[in-house]
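Given next are the chains, with one letter for each unit.
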Amino acid sequence: MKAYGGQVRHWTVLLRPLWRNRLLLSTLPWFCLDVVGLGIALYFPLVLRSEGLASNNMMAAAINVVFLLISVAGIILILPRIDRFGRIPLQIAGFTLMALGLWLFAGALAEKSWLVVYIGCAIYAFGVGVGPGATVIALAVEIFPTELRASAGGFATAVSRLGAALSALVFPIIYVDWGLPIVLVLMGIVCVIGASVTFHYAVEPTRKSLESMES
């Protein structure tokens, strides 16, 4: 990629101190989102069946679709307003809601309170939609200068896929060995890490010019 003035800038420029914090902001929250999101998305219907929350596969699939639609509704709700609230506040709020929803799910499951289980699932799904589900991709590119955006976006995407692969492999192992409540508590902790990283390395691109993001 060429920078202004024709200078070629290799992707390893992202590892320099000038851009390192932004690289962490663009990659780690997305990694956390995929660790949590893919595990939940892949295994939620199976969990519904095994935990007695759905009587058959069709019901489990239908319940899963409902919560996916809640996430989609959150994205549709927040996208026109993302510049009003800002990427960083939304991402922190979204991860926080995800954690609260997962922990509520875990506590309600242990108490066999099925209504609260679904409330927790709805809070989690809504948190995905209004938070990192709508912000991680934007932050991965918007906080970098033009000549580094493709490299930054590609790097963040690759790291996020590692999180997805890790979740797909580890989720069923922990579920079998430790049970679903522990899995949900751990997933909530990952969400807190995502919120903490976002807060610590915050760079807000909302209402800033491309030139101001160069520095």
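Residues numbered from 1 in each chain as written. Predicted model: local features only at pLDDT ≥ 70, side-chain atom pairs only at ≥ 80, totals over all residues. Heavy atoms only, no water.

### Thoughts on the overall build of the chain
Move 1: When its secondary structure is counted, the chain shows eight helices and zero strands.
Move 2: Secondary structure of the chain in N-to-C order comes out as α-α-α-α-α-α-α-α.
Move 3: The C-alpha atoms of the chain give a radius of gyration of 19 Å, which matches the 17 Å a tight globule of 215 residues would have.
Move 4: Here the C-alpha coordinates of the chain stretch approximately 65 × 35 × 30 Å along the principal axes.
Move 5: Expressed as a percentage of its 215 residues, the buried residues of the chain come to 46%.
Move 6: Across the chain, the fraction of contacts at a sequence separation of at least 24, relative to all contacts at a separation of at least 6, is 79%. (Helix = DSSP H or I, 4+ residues; strand = E, 2+ residues; numbered from the N terminus. Rg over C-alpha atoms; globule rule 2.2 N^0.38 Å. Buried < 20%, exposed > 50% of the residue type's maximum accessible area, 1.4 Å probe, protein only. Contact = heavy atoms within 4.5 Å.)

### A closer look at the packing of aromatic side chains
Two aromatic rings, taken as a pair, are described by how far apart their centres are and by the angle between their planes.
Move 1: In total, this model carries five aromatic pairs according to the counting rule given.
Move 2: Ring centres of tyrosine 43 and phenylalanine 171 lie 5.0 Å apart, and the angle between their planes is 10°; on these two criteria the pair is classed as stacked. In this pair, tyrosine 43 is assigned in helix H1 (residues 17-50) and phenylalanine 171 in helix H7 (residues 146-178), connecting sequence segments 128 residues apart.
Move 3: Phenylalanine 171 sits in the buried class, given a relative accessible area of 5%.
Move 4: With a centroid separation of 5.8 Å and an interplanar angle of 75°, the aromatic rings of phenylalanine 44 and phenylalanine 67 are classed as edge-to-face. Of the two residues, phenylalanine 44 is situated in helix H1 and phenylalanine 67 in helix H2 (residues 57-78); the sequence distance between them amounts to 23 residues. By the burial criterion, phenylalanine 44 is buried, and phenylalanine 67 matches it. (Phe/Tyr/Trp six-rings, centres within 6.5 Å; stacked < 30°, edge-to-face > 60°.)

### Brief notes about the packing of H1 against helix H4 (residues 87-111)
Move 1: Here H1 crosses H4 at 35°, and the two axes come no closer than 12 Å. H4 is crossed by H1, and the crossing has left-handed handedness. From H1, Leu25, Pro29, Cys32, Leu33, Val36, Ile40 and Phe44 reach across to H4, where they touch Ile88, Gln91, Phe95, Met98, Leu102 and Phe105.
Move 2: For the contact of H1 with H4, the residue count by class is twelve nonpolar, one polar and no charged. (Axes fitted to C-alpha atoms, helices over the stretch in contact; angles between N-to-C directions. Left-handed = near helix turned anticlockwise from the far one by under 90°. Nonpolar A, V, L, I, M, F, W, Y, C, P; charged D, E, K, R; others polar.)

### Describing unusual backbone geometry
Move 1: Even without a glycine there, the phi angle at lysine 112 is positive, about 60°.
Move 2: Relative to the helices and strands, lysine 112 is located in the loop between H4 and helix H5 (114-130).
Move 3: Lysine 112 gets classed as exposed once you look at its relative accessible area, which sits at 53%.

### With respect to the confidence of the model for the chain
Move 1: Put simply, the chain has an average pLDDT of 87, and 91% of its residues get 70 or more.
Move 2: Scored below 50 in pLDDT, residues 1-6 makes 15 contacts in the model with residues more than four places away or belonging to other chains. (pLDDT = per-residue confidence, 0-100.)

### Describing the pattern of salt bridges
Move 1: Counting across every chain of the model gives three salt bridges.
Move 2: Arginine 87 is the salt-bridge partner of aspartate 83, the closest N and O atoms lying 2.4 Å from each other.
Move 3: Look at aspartate 83 and you get partly exposed, because its relative accessible area is 40%.
Move 4: Assessed through its relative accessible area of 8%, arginine 87 is described here as buried.
Move 5: When the shortest N-O distance is used, the salt bridge between glutamate 142 and arginine 87 registers 3.0 Å. Residue glutamate 142 is located in helix H6 (residues 132-142), and its partner arginine 87 is located in helix H4; the two are separated by 55 residues in the primary sequence. (Salt bridge = Lys/Arg side-chain N within 4 Å of Asp/Glu carboxyl O.)

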